[in-house]
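Structural description and commentary
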Amino acid sequence: MHLIDLFIGLLVFGYAGFSLVRFTKKAKKGKCATCEVEPTCKTACDDVNWDNVIAEALKK
């Protein structure tokens with residue numbers, strides 16, 4: 001096996017492992033941790049009445 005093949009394999013599997021660990025850490029923190037606007041969010045995710053939000057969106 002060539003050294004470059006080994007390096008590419010380690011790179012691919014290393015990144016896959018890193019992504020899996022990062023995903024599980026974010027999942028443990030809850031839904032607000034994975035939100036894109038979390039740093040600038042002014043409302044608490046738990047305080048939102050999602051039934052009303054969905055009903056208003058369907059009316060439009």
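Predicted, not measured: the structure shown is a model, and the values here were computed from it.

Of the regular secondary structure elements, the protein chain holds 2 helices and 0 strands. When the accessible surface of the protein chain is summed, it comes to about 5900 Å², and 66% of that surface belongs to carbon and sulfur atoms.

Here we take up helix α1 (residues 3-29). With 27 residues, α1 should cover 39 Å at 1.5 Å per step; its first-to-last C-alpha distance of 39 Å lies within 8% of that length. Of the residues trailing α1, Gly30 is marked for its positive phi of about 110 degrees.

Within this numbering scheme, the UniProt entry marks residues 6-23 as carrying the feature "transmembrane region" (unreviewed entry). Span residues 6-23 is 100% helix and 0% strand, its end C-alpha atoms 26 Å apart.

The next point concerns a nonpolar patch on the surface. Together, Ile4, Phe7, Ile8, Leu11, Val12 and Phe13 make up a nonpolar patch on the protein surface, roughly 670 Å² of accessible area in all. Tracing the backbone shows Phe7 in helix α1.

To continue, consider a positive patch on the surface. Taken together, the side chains of Arg22, Lys25, Lys26, Lys28 and Lys29 make up a positively charged region of the molecular surface. Summarising the element assignment, Lys26 is placed in helix α1. In this structure Lys26 comes out as partly exposed when scored by relative accessible area, which is 41%.

Moving on to the packing of aromatic side chains. Overall, the coordinates contain 1 aromatic pair when judged by the stated rule. When the centroid spacing of 6.2 Å and the interplanar angle of 40 degrees are considered together, the rings of Tyr15 and Phe18 count as tilted. With Tyr15 and Phe18 both in helix α1 and 3 residues apart, the pair spans about one turn of that helix. Residue Tyr15 is classed as exposed on the basis of its relative accessible area, which comes to 52%.

The rules we used
- Residues numbered from 1 in each chain as written.
- Predicted model: local features only at pLDDT ≥ 70, side-chain atom pairs only at ≥ 80, totals over all residues.
- Heavy atoms only, no water.
- Helix = DSSP H or I, 4+ residues; strand = E, 2+ residues; numbered from the N terminus.
- Areas by Shrake-Rupley, 256 points an atom, 1.4 Å probe, with all protein chains shown as cover.
- Expected span 1.5 Å × (residues − 1).
- UniProt positions renumbered as here; feature names shortened; annotations may be inferred.
- Patch = residues over 30% accessible without salt bridge, like charges linked within 9 Å, V, L, I, M, F, W, Y side chains within 5 Å.
- Salt bridge = Lys/Arg side-chain N within 4 Å of Asp/Glu carboxyl O.
- Lys, Arg positive; Asp, Glu negative; His and termini not counted.
- Charge placed at Lys NZ, Arg CZ, Asp CG, Glu CD.
- Buried < 20%, exposed > 50% of the residue type's maximum accessible area, 1.4 Å probe, protein only.
- Phe/Tyr/Trp six-rings, centres within 6.5 Å; stacked < 30°, edge-to-face > 60°.

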